[in-house]
Amino acid sequence: MSQDDLKLFKEFAGQNGDYYADKFLQIQKSILPRTHINYAALLGSFVWAGLRGNWLLFTIGFVIDLVAMVNLALFFKYAEKASEYIGQDDKIYLLDRYDGWSSNHLLMAVLTFVLGRILFAWFADRFYANQYARWRTDEKTPSSFVLSRLVIVAVVSALILPLTIYRSTQFVPEQRACIKQDRLIESGEQVPFKDRFNCAVMGEFPTLIWIDRPDTINYRKDDSGQYVEIRTPAREGAPPFNLNKYMSQTIDDGIQYATIFYGSIFDQITAFLNSMLNAIEAVFVGTPWPVTMLVLVFIAYKMAGRRTAIFAAASLFYLAIFDFWQTAMDTMSLVVASTIICTIVGLPLGIWVGKSDRGNSITTPILDVMQTIPSFVYLLPAIAFFSIGKPPAILATVIFAMPPMVRLTALGIKHVPENTKEAALAFGANPRQLLTKVELPLALPSIMAGMNQVVMMSLAMVVIAAFIGAGGMGFIVVEALNNAETGRGLLAGFGIALLAMMIDSVVQKANKIRD
Amino acid sequence: MSIDESDRRSDVVVCNNVWKIFGARASEAMEAVKKDNLSKAEVLERFEYVVGVRDVSINVGEGEVFCIMGLSGSGKSTLVRHINRLIEPTHGEILINGTNVGGLGAEDLREMRANQIGMVFQNMALLPHRTVRDNIAFSLELRNVDAFTRSEIADKMIGLVSLQGYGDRLPADLSGGMQQRVGLARAMAADPDILLMDEPFSALDPLIRRGLQDEFLDLSKTMKKTTLFITHDLDEAIRMGSRIAIMKDGEIVQIGTPEKIVTEPADDYVADFVAGISKLKLIFAHTVMQPVEQYEKEVKKLPALDKCPQATPDDDLDTLVGVSVGQDNPIVIMSDSKPVGIVTKDALLRGIQGEV
Ligand SMILES: Nc1ncnc2c1ncn2[C@@H]1O[C@H](COP(=O)(O)OP(=O)(O)O)[C@@H](O)[C@H]1O
Ligand SMILES: [Mg+2]
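Conventions and cut-offs
Residues numbered from 1 in each chain as written. Chains lettered and ligands numbered in written order. Predicted model: local features only at pLDDT ≥ 70, side-chain atom pairs only at ≥ 80, totals over all residues. Heavy atoms only, no water. Pairing = 2+ DSSP bridges. Helix = DSSP H or I, 4+ residues; strand = E, 2+ residues; numbered from the N terminus. Axes fitted to C-alpha atoms, helices over the stretch in contact; angles between N-to-C directions. Core = buried A, V, L, I, M, F, W, Y, C linked by side-chain atoms within 4.5 Å. Buried < 20%, exposed > 50% of the residue type's maximum accessible area, 1.4 Å probe, protein only. Contact = heavy atoms within 4.5 Å. Arc of directions from axis to C-beta.

Enquirer: Please clarify how the sheet that holds strand 10 (residues 251–256) of chain B should be interpreted in this entry.
Expert: All names here are of chain B. If you walk across this open sheet you meet the 6 strands as 6-7-8-3-9-10, and the pairing is mixed. The sheet terminates laterally at strand 6 (117–120) and strand 10, the two strands that pair on one side only. This sheet shows a mean twist of 15° between the axes of neighbouring strands, independent of strand direction. Summarising the sheet, strand 7 (residues 194–198) and strand 8 (residues 226–231) pair through 5 bridges and their orientation is parallel. If you follow I194 over to strand 8, its bridge partner there is T226.

Enquirer: Please clarify how the nonpolar core should be interpreted in this entry.
Expert: Judged by nonpolar contacts, the single largest core of 68 residues is most densely connected at B:I136 and B:L320. Leaving out residues up to four positions away in the same chain, B:L320 has contacts with B:A285, B:V288, B:A311, B:D315, B:I331, B:I333, B:V343 and B:L348. Core analysis: the second largest hydrophobic core is formed by 66 residues, A:L273, A:M276, A:I447 and A:A492 among them.

Enquirer: Could you clarify how one ought to interpret the sheet that holds strand 4 (residues 91–96) of chain B in this entry?
Expert: As a general point, the strands of a sheet are linked pairwise by backbone hydrogen bonds and lie either parallel or antiparallel. All names here are of chain B. Sheet architecture is open: 4 strands sit in the order 2-1-4-5, paired in antiparallel fashion. The open sheet has two edge strands, strand 2 (50–61) and strand 5 (99–100), and neither has a second partner. Two strands pair when backbone bridges link them, and strand 1 (residues 11–22) and strand 4 are joined in this way by 5 bridges, in the antiparallel orientation. Bridge assignment links V14 to a residue of strand 4, and that residue is L95. Along the sheet, helix 4 (residues 76–83) makes contact with strand 1, strand 2 and strand 4, crossing strand 1 at roughly 125°.

Enquirer: Is there a simple way to explain helix 15 (residues 379–386) of chain A in this structure?
Expert: An α-helical segment advances 3.6 residues per turn. Residues three or four places apart therefore align on the same side. Residues and elements named next belong to chain A. Considered for burial, the residues of helix 15 that qualify are L379, A382 and F386. Projected onto a plane normal to the axis of helix 15, the buried residues spread over an arc of 65° and lie on a single side. Immediately downstream of helix 15, the backbone of S387 shows phi near 60°, a positive value.

This is the structure:
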């Protein structure tokens, strides 16, 4: 170790440079004793870390001390509560409970403080050495011992410590009590500051926005058959709405308006979905079961080989023997219908996203949202616009299952090598030929992966859509949940799993074989 | 290099003052570059634009193999991509058989790319999901030629590049050299007048590269296609090219025959390239010989002609070395059975060093 390094160590550490230079040297040589701890850090904890500019250690030390202090406060809170019940023989169980809680918190407080501090002091020099390494490569990394950092430490502590500790010495006010308190304040009565403070700062975020109740809107057919709007003003003195209630009401009004005045559009969509579904059901449900079963197994054999075909046959046999055949075929029809729609809509969309930057920037956030919303939330708008039944189930499924189709198509298109496209252009390809003869064929594996995901997600969603009347295997599960028929529900659940594994292995094997 | 008007008319590819600057406001940048004579590095620093091609004018005659040579990043690929307008010039015009490429409409441009220009790429850029035959017939398919004619032509091409029996294979089954033959066959399938070859052999092993170079030279002798051949390897340029253009930072620093480039490098940059090149096949007797009278005045009377080794003015140094071995007398260069010059052993040795 050269003299320069030692000088750098000292320059970095500032105050107490010799000590840290010595420790860093030991760390670099891997001869730091296992039990070494930094006594300054043991005593100073987060203040030490703050002064040294190590904000990671600062956070760790701060949290350790905060947890210890909160536990201490809880100890006092429950000890005081317990003392209220001393001598009341009929409340002896409450005394025991609060006594137990308070001694638990005391133990936690002591343990956290002692162990936490020791751990902190053990990590201190080791983390500090890391900070030194960062400082060597990035001179903006905080270094040395700077007193003005005390200001940051003080501000952070002042912001967090008092309120948190106060919160743990108090019992959280009930929401009802706070609402009552609001009314009292409105009617001009005096409420102690402490109660107001507790309501405002603890528990629920205070309601900042109050909005007058909007009119209730209904529609009625008049004599000429036209819908007329009937507005009913809110009852005098009815309490105002908060933002949540107001927005919910507005959305409901909008949906009501759309379904009444644009109902024919939704009816047409429903009719279209119904006729499509009928055609598909004619194949799956309308065909005698031996034919359907044989054809399905044959398709599995052709697409994915013998082993998968045997598995498919066994799965289908399970469904048949447990009386799930018709229901399973219902479910299959829904999955096929959704997959077809997802492909017809998702493929062009994916191509657009893959080729245009604007398409990409428009759709990416929408797809992100679509994929993060929990699946059953999609059932709500479907019901709102299309009532219950299979068409809304298909729509909800399509919306839920489409993102991977768009994403993976776009991904496939984007990953077509530039020079392959360039070669096609150099030989005189027009945009359509470029798409059909180069981009789509090269993107096909990715598109097929998208299809696979669409099928699997459709199956998952179709089961959930049983809640809004999609029927099929999911309905049996929903029914079983309602009637506590555990056995029947499990059998159906296993059937759904078999269906999923069957479809998945056929599609995946088919992709592999084609490659 | 001077070319008169009558010559120019037979040029198949002509580029006049072509500029390409990559950047949003390229024209403005170009004016600034012209005015202040900025270098490529200065443009990059000042505008954050890249100068791809800088004021390049070339003309390539019918059937010529015109080599474009330069280090990586010197703008070779950018230049040839102007010829089939895969890249639009910032300034300048490109003529193909007298037609201004920049004035073509979208459909005419595709027509010209499909019929008149074939292109071969360094990384082959074959379509992995198509068989060799379908890859070769790709340009025909784009022009809606029927399947039967397509496969007939493709099979002929397969024979031409000696890939018999591989027509139904996928590109991935073929070695690099074979893939590039497919690339070559694909470029020639539509029987274009012009071949653009962007470092076609650079990614191949030296031995395979040699073989393909020879094969291509044979083909090009029989097919007589006007070829722009890009390479970063001077040896290859010298082997393939009837003329060579040397590029640096987007500019052409020298155009000339291989011999001219080797014997009279225009600047240090070219000289550096040339330094390691064997001159044996590039320098000819007429360049190293001295007149008979000068020899007789400076050295001594010429011995009897039949005692001297003899050669013609167009023999290269390699041949001269061959005839001179074991002889004491200087080589007499004969033209029309008359002595026109003398090559002494010293002159021969100097010639091999490239100093003439
Ligand atoms: N599309 C582009 N956008 C910006 N700069 C480019 C682009 N294509 C090429 N260039 C730049 O132009 C210069 C010439 O590139 P290129 O013609 O590919 O060189 P070469 O083929 O001689 O290796 C390089 O500096 C390269 O970075
Ligand atoms: Mg290149």
